[in-house]
Structure formats: structure tokens, C-alpha cells
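Residues per chain, in single letters:
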Amino acid sequence: MIINGVTIDKTFAEAFPMKATRAIITAQNEKWAMISAQAMTGFATSVIACGCEAGIERVLSPDETPDGRPGVAIMIYAMGGKGLAKQLETRAGQCVLTSPTSALFSGIEGGKPIPLGKNLRFFGDGFQIAKKIGGKRYWRVPVMDGEFLTEATTGMVDAVGGGNFLVLAESQPQALAACEAAIEAMKQIPNVIMPFPGGVVRSGSKVGSKYKALSASTNDAFCPTLKGVTRTDLSPEIESVMEIVIDGLTKEDIDRAMRVGIQAVCDLGAANGIKRISAGNYGGKLGPFHFHLQEIMA
Amino acid sequence: MTSLTFTLIETPPSQRIDMSPLVCQKLAGLSLDQIAGIELQCGKQKLRVDQLFHITGSNADDISIVGSTGKLDLIGKELASGNISVQGEAGAYLGMQMKGGTINVIGDVGLYAGCEMKNGLIQIEGDAGDFLGGALPGNKQGMKGGTILVKGNVGQRAGDHMRRGQILVEGNAGDYCGSRMVAGTIAVMGQVGRYAGYAMRRGTLLLWNQPQLPATFNDCGLHTLAFLPMLFASFKSLNSRFADKAIAFNRVRRFGGDMAEAGRGEVLVKL
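Residues numbered from 1 in each chain as written. Chains lettered and ligands numbered in written order. Predicted model: local features only at pLDDT ≥ 70, side-chain atom pairs only at ≥ 80, totals over all residues. Heavy atoms only, no water.

### Notes on the pattern of salt bridges
Next, step 1: All told, the structure shown has 23 salt bridges over all chains when counted by the stated rule.
Next, step 2: Asp233 of chain A serves as the salt-bridge partner of Arg276 of chain A, at 3.8 Å between the closest nitrogen and oxygen. Of the two residues, Arg276 of chain A sits in strand β17 (residues 274-278) while Asp233 of chain A sits in the loop between β15 (216-218) and β16 (240-248), which places them 43 residues apart along the sequence.
Next, step 3: Overall, Asp233 of chain A belongs to the partly exposed group, its relative accessible area being 36%.
Next, step 4: One salt bridge connects Asp219 of chain B with Arg253 of chain B, and the closest N-O pair in it is separated by 2.5 Å. (Salt bridge = Lys/Arg side-chain N within 4 Å of Asp/Glu carboxyl O. Helix = DSSP H or I, 4+ residues; strand = E, 2+ residues; numbered from the N terminus. Buried < 20%, exposed > 50% of the residue type's maximum accessible area, 1.4 Å probe, protein only.)

### Quick notes on the environment of Pro288 of chain A
Residues and elements named next belong to chain A.
Next, step 1: In this structure, Pro288 sits in the loop between β17 and β18 (289-292).
Next, step 2: Judged by relative accessible area, which is 59%, Pro288 ranks as exposed.
Next, step 3: In this structure, Pro288 is in contact with Ala15, Phe16 and Pro17, ignoring residues within four places of it in sequence. (Contact = heavy atoms within 4.5 Å.)

### Observations concerning the packing of helix α4 (residues 172-186) of chain A against helix α5 (residues 251-268) of chain A
All names here are of chain A.
Next, step 1: Where α4 meets α5, the closest approach of the two axes is 8 Å, and the angle between their N-to-C directions is 140°. Between α4 and α5, the angle falls in the class oblique. Considering only the axes of α4 and α5, their crossing is right-handed. Here α4 contributes Ala177, Ala178, Ala181, Ala182, Ala185 and Met186 to the contact with α5, which in turn contributes Ala257, Val260, Gly261, Ala264, Val265 and Leu268.
Next, step 2: Per-class residue counts for the contact of α4 with α5 are eleven nonpolar, one polar and no charged. (Axes fitted to C-alpha atoms, helices over the stretch in contact; angles between N-to-C directions. Parallel < 35°, antiparallel > 145°, perpendicular 65-115°, else oblique. Left-handed = near helix turned anticlockwise from the far one by under 90°. Nonpolar A, V, L, I, M, F, W, Y, C, P; charged D, E, K, R; others polar.)

### A look at the interface of chain B and chain A
Next, step 1: Listed as interface residues are twelve residues of chain B and, on the opposing side, 13 residues of chain A.
Next, step 2: Both faces combined, the contact of chain B with chain A buries some 1200 Å², and carbon together with sulfur accounts for 65% of it.
Next, step 3: Area buried by chain B at its contact with chain A is led by Phe227, Met230 and Arg264 of chain B, which between them contribute 51% of it.
Next, step 4: Between the two partners, chain B and chain A, sit one salt bridge.
Next, step 5: Arg140 of chain A is paired through a salt bridge with Glu266 of chain B; the nearest N and O atoms lie 2.5 Å apart. (Buried area = accessible area lost by both parts, 1.4 Å probe.)

### Let's talk about α5 of chain A
Since one α-helical turn is 3.6 residues long, residues separated by three or four positions face the same way.
Next, step 1: Helix length check: α5 of chain A, at 18 residues, gives a terminal C-alpha distance of 26 Å against a target of 26 Å (1.5 Å per residue), a fit within 8%.
Next, step 2: Those residues of α5 of chain A that fall on the buried side of the exposure criterion are Asp253, Ile254, Asp255, Ala257, Met258, Gly261, Ile262, Ala264, Val265 and Cys266 of chain A. (Expected span 1.5 Å × (residues − 1).)

### Examining the packing of aromatic side chains
All names here are of chain B.
Next, step 1: Applying the stated rule across the entire model yields twelve aromatic pairs over all chains.
Next, step 2: Centre to centre, the rings of Phe6 and Phe53 are 5.9 Å apart; their planes meet at 75°, and the pair counts as edge-to-face. Pair noted here: Phe6 is in strand β1 (residues 3-8) and Phe53 is in strand β5 (residues 53-56), with a separation of 47 residues, a long-range link.
Next, step 3: On the accessibility criterion, Phe6 (0% relative accessible area) is buried. (Phe/Tyr/Trp six-rings, centres within 6.5 Å; stacked < 30°, edge-to-face > 60°.)

### A look at the pairing of strand β16 (residues 251-257) of chain B
Residue and element names in this part refer to chain B.
Next, step 1: Counting buried positions along β16 yields five of seven residues, so the element is predominantly enclosed.
Next, step 2: Across six bridges, the pairing between strand β15 (residues 218-224) and β16 is antiparallel. The partner of Gly221 across the bridge, within β16, is Arg254.
Next, step 3: Sheet analysis places β16 next to strand β17 (residues 265-270), joined by six bridges and oriented antiparallel. By the bridge assignment, Val252 is partnered in β17 with Lys270. (Pairing = 2+ DSSP bridges.)

### A short note on the confidence of the model for chain B
The predicted structure's coordinates, where accompanied by low pLDDT, should not be read in detail.
Next, step 1: Considering every residue of chain B, the mean pLDDT works out to 95; 100% of them sit at 70 or more.
Next, step 2: Here the predicted complex carries an ipTM of 0.91, next to a pTM of 0.92. (pLDDT = per-residue confidence, 0-100.)

### Quick notes on the environment of Gly93 of chain A
Next, step 1: If you trace the backbone, Gly93 of chain A turns up in helix α3 (residues 81-95).
Next, step 2: Taking the C-alpha atoms as reference points, Gly93 of chain A and Glu151 of chain A, 58 residues apart in sequence, are found 13 Å from one another.

### Some remarks on the packing of helix α1 (residues 30-40) of chain A against α3 of chain A
All names here are of chain A.
Next, step 1: Where α1 contacts α3, the axes come no closer than 9 Å and their chain directions differ by 140°. Relative to α3, the element α1 is oriented oblique. Crossing of α1 against α3: the hand is right-handed. Across the interface between the two elements, Ser36, Ala39 and Met40 from α1 touch Leu88, Arg91, Ala92 and Cys95 from α3.

Okay, here's the thing in C-alpha cells:
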């Protein structure tokens, strides 16, 4: 399949089951909600070493938030429920409780409830106050700027992590420009996050390593500088490969995000140095969810 | 199906009547004849329902009590679901230990309305007596959940020993409002009497007017509290002045107390 001069490989991205949750951070204004959200989702690019994958889903207008203030929806994905709960609590405690004017609410209905502010309340040292409003339990924790208001729990649901595609270009700037365009388009899709820095991964990995201590290592088949010394998957004109990783609540959410992302890359086309779209395919070793590129773009 | 309606024959009845058998879950599936044969305690004698009421209708999930007086006690006791509508006054212990559903009263109600209720909604168009949402004498926990809305005034000791839930009063409250509260919220739009919050451990008294507080409450200053707009927003489905967006506020003077007790309670007064 070729779109605007860009070859879409007949391959698929492999993804795996994860657990996910969403939280809403509000603040006096969007600036401070975003600062808190960025802190909370920092260092959460890959479960390989971060414990979770997290990202900002979108900015919320005041009429979309529980307390009528500007807000940001963030999502956190982890391999299991316990890990997710721990990451959520740790990050909320360090990055939202501490952030000026912030409040923290559940962003997902249903699923299994996991603690959001349920244990953070103990920071109140006995001065915390519970309030049940509209059937939901909230905690008011006295803090130095006033009160930190937080919902007790949020929902944890089954989700899919690791959807991806690779952008193969004639140069590094061209690959990056294409990925930036893809991310801008994909940000409009609900229920997904692209957890890597700016949504783009330059260090795509394969499963396993020659070093026993590592579970993943550089994807040498897609490293342009190794074209002559390994079993490469690159043609001579490819100088740079970048990856976009997508976590979503459902396979369909990731389908939608991949479609608009790949389309944005293809809109730049071969004229801008984009030659191929491929995907992280690990021979079925990584996970049960398969995203066939040509089917998605059909 | 039409509401199952009980119309009082003798108004007022000669003795107080225990209405606790006439709740939705106990009448579900019974024929009118079976309902007519239920015996109610009336003073020191037991009388059949049809000796006291005309019975019409069939929907046991929607009960109406017509021509009600202050001598009908224990209306809606342990109500689990459904709706009870009271046309007139109600006696003591309205909605006692209620678990769910709705009770609407057009007139005034007596002592201990909503006492020890666990969930559901009680709406009272008139006034309520003492110990609204309180604990039965000798018990340590009053209302444990749900909402009581009173459009008139309430008597003394509203929310005594209250554990959870909310009491909303459009009118005035008597002395000792929120006394010995363990937790929960009492909101009073009118005036409150003396000793508001007496011996409260936790919980919130939300007041529109400055009360005369016991000396064991301390001023915590002026504050903008984020939970208040959410609390007011949760009232929007009520048929009440509490549902009016214009009455909402988030700026209060906060008093902490009762310092003679745990001291974790608060009295929030609108600025």
C-alpha cells in the first residue's frame, strides 16, 4: 500500500493488555493545572523502567470539570492493578497535593475503584474532613494555600498499551516534523495518550538483549547507522526512524489514533522525505493485540 | 397503576397511631383485602387498617396518606424504596431508620423526624420538631445518611449525634443545632438558636447568618472553600431554594470546634 508516495508496510504493531485510569486535575487557571499535570505524568514514558506510562489526554474547559475550574485530564497505564494504584497515589501525592490551588478528581466512571485521595487524606494529620457530595466521597485536606480537595477514588479499567507505528524518513528533521504533525492530529482523539516525550520515541526497542540484566534493547533492525553490520530492515536512503507509541482504553481507540496519525504523516508524503510507515512487530512475543497497518489505513 | 391511598376516616383520631406497617416494601404484593386486615397499634388497642382509613389505589411503591394529622407516628419507618406522600401533618418518628426512597410531607412533622435514617430523601414543606435527624434516646448515632429538607423551621437539637448525610433547613433552627454531631452537614438559611454545634466532634454547620456560638468555638478566619460550589451543585435536583444557583457561595468565615470535644467540627458562616 502506498499513500502519497509513502509505503505502508504489510505488518502489524503488537500491543499488550494494561490497566488504566484517568484523573482530572483542576486549578485556579489552566497554567497551574497544566503544571501539576505535567509533573504528575513526568518520567512515565515506558513501563520497562518507569512503573507506568502516563500522559496528558487533553485540556478541559471549566464546564467539563467537577469544580467548574480549568482542568487537565491525565491517564496512567500500568501492567497490573497494584502497580497502577501505587503509581497513581505516589504521583498524586508528590505532584498534585503539592501543586498550588490544585484539586484532584476521578476521571473515569465504573471499573474497579482504586484510591485517589483516599490515603492522601492522612497528610491532613487528623484535620482532614470527609464530605459525601452527590454520592461521591471527597476529602478536604487543609494545606498552606487553603484546602486540597480530592475525590476518594477513581475507576480502574482494562486497557491496551503499546500500540505504535514507525516513521522512516530520509533525514532526522523530516522524521521529526512528520511525527510532530502526527502527534498534533492524534491529540484530538479521546481515550488515548502518547506517553513518550512529546509523544515521540527515538529509541525504539526490541524484546530482549545480549545482556542478561536487560529485558529490552535497541531495535537494531531499524537503526540507520547499523545498516551494514546487522540484519537491517532499512533501505539505503533511510537515515532516521522515529516511533509513536499509543496507549488507549480500547483497541478501537488506538485504531482511531493510529489512523489519524499515519494519515498526518502521509499528508507530508514522499515530497518531504517520508518513505515508509512500519510498526513494532516482535513476532507475536509482545502481546495479543495486533494493529495491522494496511487494514487501519484501508 | 394509581397510588395506594390511605384516607383517614376520623380526623383527628382519638389516639396516636403507629403507621410503621404501612411502608412500601411491606405492602408490596398484598391485595387490598390483605392490606385492610393489617392491624395498627392505636393507643393501647389494635385496629384494622380499614377501621382507620379508606383504602384506594394499588401501587404499593407510591403510597399517599390523605388527611394526615400529627397523631400518625412512625410514617415510613425503615422505608427501603418507593415514595410516601403525606397530605397534612405527620406525627413523631417520621422516616425513622429509613433506608431509601422518598417521603414528602405537605404539613408540619413532630419530634424525631428522620432519626437514625440511613439513606433516602425526606422533604417537609412545613416545620419539623425537635431532634430532627437525631438519635433515639440512649443511642449514640443519629442520622447516618441521606437528605432531610425542611422548608419551614426546625426545633431544638436538629442533627443531634448525626453521623453522616445532610439536613437542609430553609427556615430557622432552634437551640443546640448540630449538638454532639459526629459528622455530616447541616445547612440553615435562617437563624439558628443558642449553642449551635454544642459538643460537636466533626461535621459541618453551614449557616447564612452569624450564630451565637459557644465559647468553645474558635475563629479560623475568612476562606474560599472549593467544596462549597460542588455541594450547592448537588442540590440542583431538589425542589427547594437550595437548588437556586443564586444562593450558592464559597466565601465563608470558619469557626472550629467544639474545642471541648474533638474540635474537628466546623461552623461555616456565609460572608
